[in-house]
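This is what each chain is made of:
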Number of protein chains: 4
Amino acid sequence: MNTYFPLEEKNIKIHGRTVERSPLALFWTGSGIELVTDASELHFELESGFDIYEQWIRIEVNGYSSVRMPLGTGVSDICVFRGMEKRSMKHVRLFKEVQPMGADCDSYLRVISVKADGALYPVGERPYLLEFIGDSITSGEGLGGRRGLNEWVPSVFTTEKHYVLETARLLDADFNIISQSGWGVYSSWDNNVTHALPKIYPYVCGPQIGGIAEALGSREPYGFGGRVPDAVIVNLGTNDANAFKEPAWVDPETGKKYKLNTLDDGSFDPADLKKISDAVKGFLKTLRCIHKDAYIVWAYGMIGRPLKDCIEGAVNEYIAESGDRRAEFCLLPDIEDEWIAANEHPGRGSHAAAAKTLAGFLRERLT
Amino acid sequence: MNTYFPLEEKNIKIHGRTVERSPLALFWTGSGIELVTDASELHFELESGFDIYEQWIRIEVNGYSSVRMPLGTGVSDICVFRGMEKRSMKHVRLFKEVQPMGADCDSYLRVISVKADGALYPVGERPYLLEFIGDSITSGEGLGGRRGLNEWVPSVFTTEKHYVLETARLLDADFNIISQSGWGVYSSWDNNVTHALPKIYPYVCGPQIGGIAEALGSREPYGFGGRVPDAVIVNLGTNDANAFKEPAWVDPETGKKYKLNTLDDGSFDPADLKKISDAVKGFLKTLRCIHKDAYIVWAYGMIGRPLKDCIEGAVNEYIAESGDRRAEFCLLPDIEDEWIAANEHPGRGSHAAAAKTLAGFLRERLT
Amino acid sequence: MNTYFPLEEKNIKIHGRTVERSPLALFWTGSGIELVTDASELHFELESGFDIYEQWIRIEVNGYSSVRMPLGTGVSDICVFRGMEKRSMKHVRLFKEVQPMGADCDSYLRVISVKADGALYPVGERPYLLEFIGDSITSGEGLGGRRGLNEWVPSVFTTEKHYVLETARLLDADFNIISQSGWGVYSSWDNNVTHALPKIYPYVCGPQIGGIAEALGSREPYGFGGRVPDAVIVNLGTNDANAFKEPAWVDPETGKKYKLNTLDDGSFDPADLKKISDAVKGFLKTLRCIHKDAYIVWAYGMIGRPLKDCIEGAVNEYIAESGDRRAEFCLLPDIEDEWIAANEHPGRGSHAAAAKTLAGFLRERLT
Amino acid sequence: MNTYFPLEEKNIKIHGRTVERSPLALFWTGSGIELVTDASELHFELESGFDIYEQWIRIEVNGYSSVRMPLGTGVSDICVFRGMEKRSMKHVRLFKEVQPMGADCDSYLRVISVKADGALYPVGERPYLLEFIGDSITSGEGLGGRRGLNEWVPSVFTTEKHYVLETARLLDADFNIISQSGWGVYSSWDNNVTHALPKIYPYVCGPQIGGIAEALGSREPYGFGGRVPDAVIVNLGTNDANAFKEPAWVDPETGKKYKLNTLDDGSFDPADLKKISDAVKGFLKTLRCIHKDAYIVWAYGMIGRPLKDCIEGAVNEYIAESGDRRAEFCLLPDIEDEWIAANEHPGRGSHAAAAKTLAGFLRERLT
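- Looking at an unreviewed UniProt entry, one finds chain A named GDSL family lipase, with Candidatus Ornithomonoglobus merdipullorum as its source organism.

**A look at the confidence of the model for chain A**
- Here chain A averages 97 in pLDDT, and 100% of its residues register 70 or above.
- Confidence metrics for the complex model read pTM 0.94 and ipTM 0.96.

**A look at the pattern of salt bridges**
- If you walk through the whole model with that rule in mind, you get 124 salt bridges over all chains.
- B:Glu220 is the salt-bridge partner of B:Arg21, the closest N and O atoms lying 2.8 Å from each other. Placement of the pair is B:Arg21 in the loop between strand 2 (13-15) and strand 3 (24-25) and B:Glu220 in the loop between helix 3 (211-215) and strand 14 (231-235), with a sequence separation of 199 residues.
- Overall, B:Arg21 belongs to the partly exposed group, its relative accessible area being 40%.
- On the basis of relative accessibility, which here comes to 28%, the residue B:Glu220 falls in the partly exposed class.
- B:Arg305 is the salt-bridge partner of B:Asp334, the closest N and O atoms lying 3.9 Å from each other. Taken together, the residues span a long stretch of sequence, with B:Asp334 in the loop between strand 18 (327-331) and helix 7 (348-365) and B:Arg305 in the loop between strand 17 (295-300) and helix 6 (308-322) at a distance of 29 residues.
- B:Asp334 sits in the partly exposed class, given a relative accessible area of 27%.
- Within this structure, A:Lys13, A:Glu34, A:Glu125, A:Arg126, A:Asp172, A:Asp174 and A:Arg227 form a network of salt bridges that share partners.

**What about unusual backbone geometry?**
- Between C:Ser22 and the following residue, C:Pro23, the backbone shows a cis peptide bond with an omega angle of 0°.
- For C:Pro23, the location among the structural elements is in the loop between strand 2 (13-15) and strand 3 (24-25).
- Notably, D:Glu344 is not glycine yet its phi reads approximately 50°, a positive angle.
- Summarising the element assignment, D:Glu344 is placed in the loop between strand 18 (327-331) and helix 7 (348-365).
- Among the residues examined, D:Glu344 registers a relative accessible area of 39% and is labelled partly exposed.

**Concerning the relation of the copies chain B and chain A**
- Between the two copies, chain B and chain A, the superposition gives an RMSD of 0.0 Å; the rotation angle is 180° and the shift along the axis is 0.1 Å. Such a turn and shift between the copies fits a two-fold axis. For chain B, the smallest separation between a C-alpha atom and the rotation axis is recorded for B:Arg68, amounting to 2.5 Å.
- Of the residues that chain B buries at the interface, 100% are likewise interface residues in chain A, meaning the two copies contact each other through the same surface.

**Re helix 6 (residues 308-322) of chain A**
All names here are of chain A.
- Helix length check: helix 6, at 15 residues, gives a terminal C-alpha distance of 21 Å against a target of 21 Å (1.5 Å per residue), a fit within 8%.
- Of all the residues in helix 6, the buried ones are Cys310, Ile311, Ala314, Val315 and Tyr318. When helix 6 is viewed along its axis, its buried side chains cluster within an angular range of 130° and face the same direction. Exposed residues pointing more than 90 degrees away from the buried face of helix 6 are listed as Asp309 and Ala320.
- The elements touched by buried residues of helix 6 are helix 5 (270-290), strand 17 (295-300) and strand 18 (327-331).
- Once helix 6 ends, the next one or two residues include Gly323, with phi positive near 75°.

**Let's talk about the pairing of strand 4 (residues 32-37) of chain D**
Residue and element names in this part refer to chain D.
- Counting buried residues in strand 4 gives 6 out of 6 residues, a clear majority hidden from the surface.
- With burial as the criterion, each face of strand 4 is covered, one bearing Gly32, Glu34 and Val36 and the other bearing Ile33, Leu35 and Thr37.
- Bridge count between strand 4 and strand 9 (residues 90-96): 6 bridges; the pairing is antiparallel. Of the residues in strand 9, the one forming a bridge with Glu34 is Arg93.
- In the sheet, strand 4 pairs with strand 11 (residues 120-121) via 2 bridges, with the strands oriented antiparallel. Among the inter-strand pairings, Val36 is bridged to a residue of strand 11, identified as Tyr121.

**Notes on the interface of chain B and chain A**
- Tallying the contact residues gives 31 residues for chain B and 31 residues for chain A.
- Together, the buried faces of chain B and chain A total about 2800 Å²; carbon and sulfur atoms form 51% of this surface.
- Taken together, chain B and chain A are joined by 2 salt bridges.
- Viewed at the interface, chain A and chain B are joined by 11 residue pairs in polar contact (both at pLDDT 80 or more).
- Of all the secondary-structure elements, those providing two or more residues to the side of chain B that touches chain A are strand 7 (64-70) and strand 8 (74-81) of chain B.
- Considering every element that reaches the side of chain B that touches chain A, the biggest residue donor is strand 7 of chain B, with 6 residues.

**Focus: helix 5 (residues 270-290) of chain B**
Residues and elements named next belong to chain B.
- Over its 21 residues, helix 5 runs 30 Å from end to end, which matches the ideal 30 Å to within 8%, given 1.5 Å per residue.
- For helix 5, every residue scored as buried is listed here: Asp272, Ile276, Ser277, Ala279, Val280, Lys281, Phe283, Leu284, Leu287 and Arg288.
- The backbone nitrogen of Ala271 lies 2.9 Å from a side-chain oxygen of the residue at the head of helix 5, namely Asp269.

Definitions and cut-offs
Residues numbered from 1 in each chain as written. Chains lettered and ligands numbered in written order. Predicted model: local features only at pLDDT ≥ 70, side-chain atom pairs only at ≥ 80, totals over all residues. Heavy atoms only, no water. pLDDT = per-residue confidence, 0-100. Salt bridge = Lys/Arg side-chain N within 4 Å of Asp/Glu carboxyl O. Helix = DSSP H or I, 4+ residues; strand = E, 2+ residues; numbered from the N terminus. Buried < 20%, exposed > 50% of the residue type's maximum accessible area, 1.4 Å probe, protein only. Least-squares fit on C-alpha atoms with pLDDT ≥ 70 in both. Contact = heavy atoms within 4.5 Å. Expected span 1.5 Å × (residues − 1). Arc of directions from axis to C-beta. Pairing = 2+ DSSP bridges. Buried area = accessible area lost by both parts, 1.4 Å probe. Polar contact = N/O pair within 3.5 Å; in protein donor to acceptor, adjacent residues only side chain to side chain.

As structure tokens, this is what we get:
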């Protein structure tokens, strides 16, 4: 008979920033659980809901993607496998495929239990823990669909062949992701200055305000009491650059307008570049304050690099001003035409190239 | 509101050998349906059952694998996508990931309906139709799992990155598959002479005898009244070679023993090789009789090639004896160590190499 | 194997006002399907959705209530029975347990298919068809729960032991129901004059405006092209009486106030009684216009009878003025203390008494 | 948000003989859980499986039957209600509607969790605990279907209007049931002497041997460590009487034949009556041994009473021989023609009459 393991079970390893209650809420892209079992049959009991954006999950067995599917509302009993030999050990990971949807705070995903007819064994920690902070690129937007498909829907998000998972695989690292499509370090693609990752970084899952997500703890301050990341990789700036071309955003509370401007010659207004530069430096200070020992990398450039000088300069200024020797800028490979996937976003080629660059970069710096 | 399209709907294209009733039974690996729709939301209503081996399906959107999952017993409402734009055309294919399970004739899969909030559009025929006849290699066994996993379970079967689908993609061809793990042209790996593909080729789904599968029509004679394949590719012989090393099989009805023997020096007994050779020639005659205009290829060699001379010789004898100018032997790339996947079977590298070879071979011969 | 019968199947009898499309939308209390089958196994495929008020169904086998349950969102495969003998005939009815919910126009219920491993046989018409038009009493509100439970939720609505079904059973009649909790003939309990049954009577399901219900056809004019009812029973007036004690309703479009008033001595203002009286007479004319041959009964009095004189007088005036000899007032048994069920509504005793009265009344008048 | 309460939760009251593990296996007719909650929304997570006989459940809210439905295989999330007021207390009972199926030991039912958005409150014990031991009558066979339906299927079993539940209700008692259709005190209707309730009484759920049921603990010795019943009511003998008319049963292990015989004049062979009489006395001794303080009632006669003298005599002999003053025979009302339900078994009238008799009988004897 199958046993139901609650999420308190110590041999269930939890990935991603969450509040560790049972059932376990999964908020972020790539959040999930991991286990090793000798069971012949394995199920996950999941609970999910949404108004607009349904949840998707992916399950790997021994590192091979085996299940990828959307979830309906209510409880789902997902069979991972059945009929396997009881003597053999299977290594299983469950991933949330999609980012937290700020526009649908009733979208949520919880792991209720693991059901298996065998025992669970300790998973252990991988040598490193990496934290990635980013935008749609880091949310895996578009990676799940072919170029030509331009739909802002959950099914085009995926963690398969994702640069974060690939980087982590190459370095044998655990990872977690904090990311939101369209957001930046100073403002979002549409000049919304509240849609900046630094603003929500201190919360469990800041972009989800209200609804079921908040009832699950999304807006609680995050304790940062767990394992300290060995490296924090910030992949932000792409949307800040877009904002120069977009209309102003008006704060509905204050009526104040926000816009990054270009000069008459089309170049970025230096005064506005300084806002970005200050935001970069400010976020670096915040991160250093929270993660005393982490190597901090500002990675940039997967969809063009108009802000390369601005960001690289800001990082270097921060280093000079702070004396921090464990922060650095890293240019990622720019997208190539044949690498473009759905929503004109980086596809597998792009993610593979980024992972190779980052893994090489980090391998030299992590000891 | 979503409309329910029954399977009689002319714009639903059906793949794979079946009886074209509604609901539509899917028997073989890679069987499925294909459609083009402008819907914003698409669901498949599937019905499935099993005693031992559960069904798995895979769904591609615009050629990208988006859903892969097992099915429980009963009716499943599988959401392919929701929330897409109504103006855009999406090209969707549903595949059965697993072969018909002769050992579980209550395992079955039916497509009840397609549910969409838009219209379906004609899919059209691809320039070629290819039929593949094979064993576990052609059933995609092991392709769905990593080397080291050795489990005879449905989840290690897949059509993703499968040499048949890749060959068809490279040639822009439709395809269908007739295959059974462990079976051969003369006998199965364990000398069972009833487990030979030629024995069941005339039936809708010969290996499933009794149970729900037979109620669905598995044992009905197949009409061969549909589109004529441009090429028939037989990938058999691998299990026949294994049979030389295995104990005899005793026919439970007659008590007669069957075994392919090796001589004292370890070589294959020429008398037994002739049985295989005769079986090859016989099957070629049968195929030519059914498919007058098809190019017939005997492809061999993805897991070793101990029977290369035997099979190639038989093909050439058949050509000489029949004057058939449209039959030919084709050696496929042998497995390499880093290509091995679950169940010690060919993985993605192996399948990609076979597809490249076959596509090149066929491109020159199909006009 | 089970066969899927679409709702076009002629041997599936449809009950209740709807648009006869496939899948079949069920709007009203007691709407449903009926069939006779020799199958050993029977399932209903239902599709349902809601924002606030979930759907409930009930299934009778040979007149015995066997299944009663709520439905989730999406497709449900409801097994009615399995393992019965194939030789025996089973008579099955599916009922919608709940009224259309005007406050949740995304609540809906559709019958997708009947699934059975046998044949369906003609059901035939019962000798009479009765139509009931009413309020919460006729919606079966409270009948599904014990006194003391006061919750405006779907689960307290039921058609089991409902006076309409009991009346129909006693007379061997088919029936359909058009009813809304809180509504009246002139205005609802809270003086809302748009919440009057005559206002929505000409539509398929008038109270559901917008949302999925309207997409399913709720607001289409109803054709009245089907079988002519032998009797139309109006059970309205209970909420009109309540309105005298409630505050005015203000029409949000015109700003006009509506209120039924009492005089200083607590009696109903005769001017307002006339509004009700006129509404009664108007509705009788409408009904007679639509249903030329029906016997029309105004039944009243299951929860007090403060408007008995008003309504009975209006019916008699209508008769006198029109010369209509086939319209009549019928006083129903008043609720008794031990008959009270949930929401202080009539329970089983009350419904049984009303059915007995009505069946006796109609038996004498229907030929 | 809903909380998941595991079955260890102290405020979930468990009914019926089981092994108190989590998830909680329900074996016997009327087994289930009971709770009081202020939640607005309540769900039960159930897990069920079967080969032949599906499980059915029934749910009462405040003593009113609200849900009755079959379960599929796998996990079901059963919504009991939603949208109720949080301030109000709801009293909910979940019942297993069907007996343990000895012929389908893979049929099982487990309660995984209770899901609610409120708190659970203590249920408390009712003043008495009654244990009923019986055959199909006590299993509620036929009670769920109309006369004329003759099908040995789960759907005709029910606990609604069941004499055990009615007796318990009249006395404000808790109850549990141990019963098997077709079984007797000495032998089953077909002379099978292993199908006698005394043989399996000491086990958790003796009739289910092997399969999932046994893995869940059906064949474990029952500890009898819980609350002591105030009365044990044995309702056996009906099938023993039938056995006189049936062919012999041959023990497959020993080859020995067993048959209760009639004499030439059609009367029961006194030697065989003595076997029954001895079995009655033996079982009374066993019950007294286990339940020192219980009032023991042998109730008989709901479907004819050919063994009345035999059983009543045996009870009186037992009393005389043992000096036991708290054992007694009780004749139940014989079935009347209009009381017959499905499978020619007692229907609601019959169960109501039996409950009235038994409640009166016990009321005088329990203090």
